[in-house]
There are 2 protein chains.
Amino acid sequence: MNYNQFKHCGLNVTLTMLSGKWKPIILYHLFHNAEMRFTELWRIIPKVAKKVLLDHLKQMEADGLIIREEKQGFPPEVSYRVSEKGKALGPALSALETWANEYAADEVAEFKKTTVGKLRQHLS
Amino acid sequence: MNYNQFKHCGLNVTLTMLSGKWKPIILYHLFHNAEMRFTELWRIIPKVAKKVLLDHLKQMEADGLIIREEKQGFPPEVSYRVSEKGKALGPALSALETWANEYAADEVAEFKKTTVGKLRQHLS
DNA sequence: CAGTATCCGACCGGATACTG
DNA sequence: CAGTATCCGGTCGGATACTG
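Residues numbered from 1 in each chain as written. Chains lettered and ligands numbered in written order. Predicted model: local features only at pLDDT ≥ 70, side-chain atom pairs only at ≥ 80, totals over all residues. Heavy atoms only, no water.

Contacts to DNA strand D come from 22 residues, most closely from K21, W22 and K51 of chain A together with T39 and R68 of chain B. Counted by atom, the contact set of DNA strand D within 4 Å of the protein is 58% sugar and phosphate. In the environment of DNA strand D, a phosphate oxygen lies 3.0 Å from a nitrogen or oxygen atom belonging to the side chain of K58 of chain B. Contact distances for DNA strand D include 3.2 Å between a phosphate oxygen and a backbone N or O atom of V78 of chain B. Within the residue set of the surface near DNA strand D, elements represented by two or more residues are α4 (50–62) of chain A together with α3 (38–44), α4 (50–62) and β3 (77–82) of chain B. The element contributing the most residues to the surface near DNA strand D is α4 of chain B, with 4 residues. Of the residues that constitute the surface near DNA strand D, the class distribution is 11 nonpolar, 3 polar and 8 charged. (Near = heavy atom within 4 Å. Polar contact = N/O pair within 3.5 Å; in protein donor to acceptor, adjacent residues only side chain to side chain. Helix = DSSP H or I, 4+ residues; strand = E, 2+ residues; numbered from the N terminus. Nonpolar A, V, L, I, M, F, W, Y, C, P; charged D, E, K, R; others polar.)

Dropping the structure here:
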């Protein structure tokens, strides 16, 4: 048996890169906005601690999913955007989303009631 | 607005269902074997604690990804297989795997050196 | 504005022993 | 064979305060 043929390795790598409580919503916003300031992301995402958001962004940058751009000057101005590598992941993420809505609609509804409810509250 | 349009709610739900250190390799084997006994899985997966494997299988069953079937008698005989819901996730998982091999080949190679290396050791 | 520095509790993977 | 029952250590998300 040739173990180099194992097909779960890449899957494991990808899931590891995506694991992190706020990464899906970060990716969602970056996919829809082309470029966002740090505070912009921080205000939009409900109840996330600054440190945690920074941790996630650092990981995603280290994994090459997003690109961090810093303009010199004061006050600091940092923006994040999706890399080509990240964009290439879009269809796969879309497939995961579609599957959930089709086969796990209840859990999705539950998720919306909790997290998205908090989001509205946060923005008002 | 014509980007890769995924919302993050379903994505979050799906990733939560897939989060677990050994779930990718469990799914891999169940996808390729149609039906497996518990010990069969346990022997194949390197260095996983019985309790952890059971935890993962219980979660996956609760999420409806796999089906647990128990035949009465002694000694116990329990087998696991992928549900229709789980099978429907196959293409999306495949897309994640493909992306990793194309855009994160280094990490995949590294993963093989560690985990698959342990597998050989475990089987010998 | 965009970070760092601490500190903390909860959860998760894991080791080990026991059971019907 | 296929589980339970404990206990443990590390990591992760999070709250709070401080800084260039």
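Read on, since the account is not over.
Let us look at the protein's contact with DNA strand C. Residues in contact with DNA strand C amount to 22 residues; listed here are only the nearest, T39 and R68 of chain A together with K21, W22 and K51 of chain B. K21 of chain B is positioned such that a nitrogen or oxygen atom in its side chain is 2.7 Å from a phosphate oxygen of DNA strand C. Every element with two or more residues in the surface near DNA strand C is listed here: α3 (38–44), α4 and β3 (77–82) of chain A together with α4 of chain B. A per-element tally of the surface near DNA strand C places α4 of chain A first, with 4 residues. In terms of residue class, the surface near DNA strand C is made up of 11 nonpolar, 3 polar and 8 charged.

We now examine helix α6 (residues 90–103) of chain A. Compared with the 20 Å implied by 1.5 Å per residue over 14 residues, the 20 Å span of α6 of chain A between its first and last C-alpha is a close match. Those residues of α6 of chain A that fall on the buried side of the exposure criterion are G90, A92, L93, S94, L96, E97, W99 and A100 of chain A. (Expected span 1.5 Å × (residues − 1). Buried < 20%, exposed > 50% of the residue type's maximum accessible area, 1.4 Å probe, protein only.)

Attention now goes to the environment of A34 of chain B. Residues and elements named next belong to chain B. Mapped onto the fold, A34 is located in the loop between α2 (23–33) and β1 (36–37). Taking the C-alpha atoms as reference, A34 lies 9.8 Å from S79; in sequence the two are 45 residues apart. Setting aside residues no more than four positions away along its own chain, A34 makes contact with Y80 and R81. (Contact = heavy atoms within 4.5 Å.)

Here we take up the sheet that holds strand β2 (residues 66–71) of chain B. All names here are of chain B. Pairing in this open sheet of 3 strands is antiparallel, and the strands run β1-β3-β2 from one edge to the other. The strands lining the two open edges of the sheet, one partner per strand, are β1 and β2. Pairing between β1 and β3: 2 bridges, direction antiparallel. Directly across from R37, in β3, lies its bridge partner S79. (Pairing = 2+ DSSP bridges.)

Under the criterion given, the structure shown has 14 salt bridges over all chains. A salt bridge links R37 of chain A to E77 of chain A, with the shortest nitrogen-to-oxygen separation between them at 3.7 Å. Here R37 of chain A is found in strand β1 (residues 36–37), whereas its partner E77 of chain A is found in strand β3, with 40 residues between them in sequence. The partly exposed category is assigned to R37 of chain A, whose relative accessible area is 37%. Of the charged contacts in the structure, one is a salt bridge between R68 of chain B and E70 of chain B, with a shortest N-O distance of 3.2 Å. In this structure R68 of chain B comes out as partly exposed when scored by relative accessible area, which is 33%. One connected set of salt bridges, linked through shared partners, spans R37, K71 and E77 of chain A. (Salt bridge = Lys/Arg side-chain N within 4 Å of Asp/Glu carboxyl O.)

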